[in-house]
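# What the coordinates show
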Amino acid sequence: MMARLGQAMTVAIAALVTISPPAQSATTAPAPAQWIDATTGHRIVRVDDRPGNYGLYFNYNPFTPDGRQMVYLTAEGIRVADTRDWTTRLVLREKVDRLLFVGYRSATAYYTTSPTSGTADEGASVIWSVDLATGQRRRIADLPGGRIASINADDTLLAGHRELAPPPPAIAAQGKRDPKTGSPGYAGVDAQGRPLSFAQAKEQWMEARLAAGVPMEIFSIDIRTGARRTITASKDWLNHVQFSPTDPTLLMYCHEGPWHQVDRIWTIRTDGRDKRKIHQRLMQGEIAGHEYWAPDGRTIWYDLIMPQGVRWLAGQDVADGKRRWYALKPTQGSYHFSSSPDGRTFSGDGSNDGKYISLFHPRPDDSDRARNTLGGDTLVATGTLETQRLADLAKHDYTLEPNQHFTPDSKWIVYRSNMEGKPAIYAVEVAKAR
């Protein structure tokens with residue numbers, strides 16, 4: 001079966017040709033609206049609120065190597081925003097199934113199209129690249145199913161995950177995104193037949209998906225030839241595949257599921273060697289997740305929640321194993337965290353008790369580590385975070401994830417919000433306007 005799948009995903013050399021772009025607009029959109037946030041005093045720019053706008057997930061790179069362009073998706077196709085003035089232009093007018101990311105070495109975006117009415121998670125898709133300067137596109141490979149999730153540091157490999165057998169229909173039907181709001185849908189009832197909330201229904205679905213034991217694999221695809229290779233296979237629920245931004249052969253991935261039931265965060269080499277668990281749970285009810293690579297490629301950061309609500313932004317160095325945990329106050333909780341390109345600050349996208357796009361300044365406390373010679377480097381170095389509020393999300397509905405990104409010059413944080421009643425892409429300036 002695996003051999004047949006491999007053959008199906010290998011692309012003939014004849015298909016790997018440059019294809020002229022479809023007809024597209026060469027015009028640049030007018031300057032976007034902007035204002036000063038009345039709560040925080042920081043400048044906000046509404047980059048785009050076209051129907052069907054979609055910004056990339058928090059750990060997918062949307063920026064070109066020079067930092068001057070950011071890709072995003074609209075119903076008409078792929079657009080780029082100029083990070084210097086936030087004007088936008090259409091690069092590719094095409095029905096795109098999923099916009100993936102931009103490469104680290106060239107101003108090239110990657111995306112998939114679907115030949116059916118399904119999505120890339122449900123059926124066949126085609127992987128493409130598009131040159132953001134010329135609009136020329138290139139067919140890379142055909143996929144019988146699965147999801148491309150990452151590109152490596154030297155732009156030679158893509159990586160993704162796929163189900164090798166279909167999950168039960170009731171499980172497969174959940175999590176579809178509403179085309180108007182961009183939010184996923186989950187529904188269910190409790191033991192008494194009463195409707196569950198969004199969060200409860202999602203938790204119920206994740207329990208069922210984990211228990212189903214659907215066979216999966218993580219695979220790589222050679223960008224030049226389209227050749228596919230299995231990296232690892234398992235009946236664990238595999239997800240969140242992320243290449244190191246500096247080491248082209250190192251991948252991080254997760255065992256998905258309710259976080260308190262899984263040892264979630266792992267790394268592996270592209271040849272399948274050196275599989276390592278990054279965080280070992282120590283207590284019942286302990287959870288870790290929403291892991292991401294620091295820009296320097298050395299540290300993996302993740303949200304760590306201990307029993308009794310003790311919460312940390314936790315990091316581990318993949319080279320020497322050293323750990324640093326920053327204690328989080330209740331108002332510092334976020335759905336996702338991210339690191340500035342220079343590694344000096346973090347950002348958070350808020351939650352029910354702190355609905356802001358925020359900047360967090362780390363304040364390490366190394367006094368105990370310096371004095372303690374017995375623990376040495378096995379001790380967890382701790383610290384706290386100082387909060388700087390950037391954008392007020394009081395009117396944001398968190399069924400839509402903000403998925404914030406620092407711009408490469410660290411001057412802006414880009415995010416998505418429905419705070420004005422419909423999804424839009426925004427940028428908030430890190431420097432205070434007044």
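Just so we're clear, the structure is a prediction, and the values are computed from it rather than from any experiment.

### Quick look at the packing of aromatic side chains
Counted according to the given criterion, the structure contains 15 aromatic pairs. Seen from their ring centres, Trp35 and Tyr426 are 6.3 Å apart, and the 80° between their planes marks the pair as edge-to-face. Here Trp35 is found in strand 2 (residues 34-36), whereas its partner Tyr426 is found in strand 29 (residues 424-432), with 391 residues between them in sequence. A relative accessible area of 29% places Trp35 in the partly exposed class. Put simply, the rings of Tyr57, Phe58, Tyr60, Phe101, Tyr110 and Tyr292 pair up and form one aromatic cluster.

### Some thoughts on unusual backbone geometry
Although it is not a glycine, Trp86 adopts a positive phi angle of roughly 65°. By the secondary structure assignment, Trp86 is in the loop between strand 5 (77-82) and strand 6 (88-93). On the basis of relative accessibility, which here comes to 2%, the residue Trp86 falls in the buried class. Despite not being glycine, Asp155 shows a phi value in the positive range, around 60°. Secondary-structure assignment places Asp155 in the loop between strand 11 (147-151) and strand 12 (157-163). Note on Asp155: relative accessible area 13%, which makes it buried.

### With respect to the pattern of salt bridges
Taken as a whole and judged by the stated rule, the model has 24 salt bridges. Linking Glu76 and Arg79 is a salt bridge whose minimum nitrogen-to-oxygen distance equals 2.8 Å. Residue classification places Arg79 among the buried residues on the basis of a relative accessible area of 4%. As a salt-bridge pair, Asp303 and Arg311 come within 2.4 Å of each other at their nearest N and O atoms. Overlapping salt bridges bring together Asp48, Arg50, Glu76, Arg79 and Arg93 as one network.

### A short note on helix 3 (residues 198-211)
Between its first and last C-alpha, helix 3 extends 20 Å over 14 residues, near the 20 Å set by a 1.5 Å rise per residue. Buried within helix 3 are the following residues: Ala201, Trp205, Met206 and Arg209. Viewed end-on, helix 3 has its buried residues packed into an arc of 135°, placing them on one side of the element. Facing away from the buried side of helix 3 by more than 90 degrees, the exposed set consists of Ala199 and Ala211. Check the buried side of helix 3 and you find it contacts strand 12, helix 2 (169-172) and strand 13 (216-222). Backbone geometry just downstream of helix 3 places Gly213 in the positive-phi region, at approximately 60°.

Rules of the game
- Residues numbered from 1 in each chain as written.
- Predicted model: local features only at pLDDT ≥ 70, side-chain atom pairs only at ≥ 80, totals over all residues.
- Heavy atoms only, no water.
- Phe/Tyr/Trp six-rings, centres within 6.5 Å; stacked < 30°, edge-to-face > 60°.
- Helix = DSSP H or I, 4+ residues; strand = E, 2+ residues; numbered from the N terminus.
- Buried < 20%, exposed > 50% of the residue type's maximum accessible area, 1.4 Å probe, protein only.
- Salt bridge = Lys/Arg side-chain N within 4 Å of Asp/Glu carboxyl O.
- Expected span 1.5 Å × (residues − 1).
- Arc of directions from axis to C-beta.
- Contact = heavy atoms within 4.5 Å.

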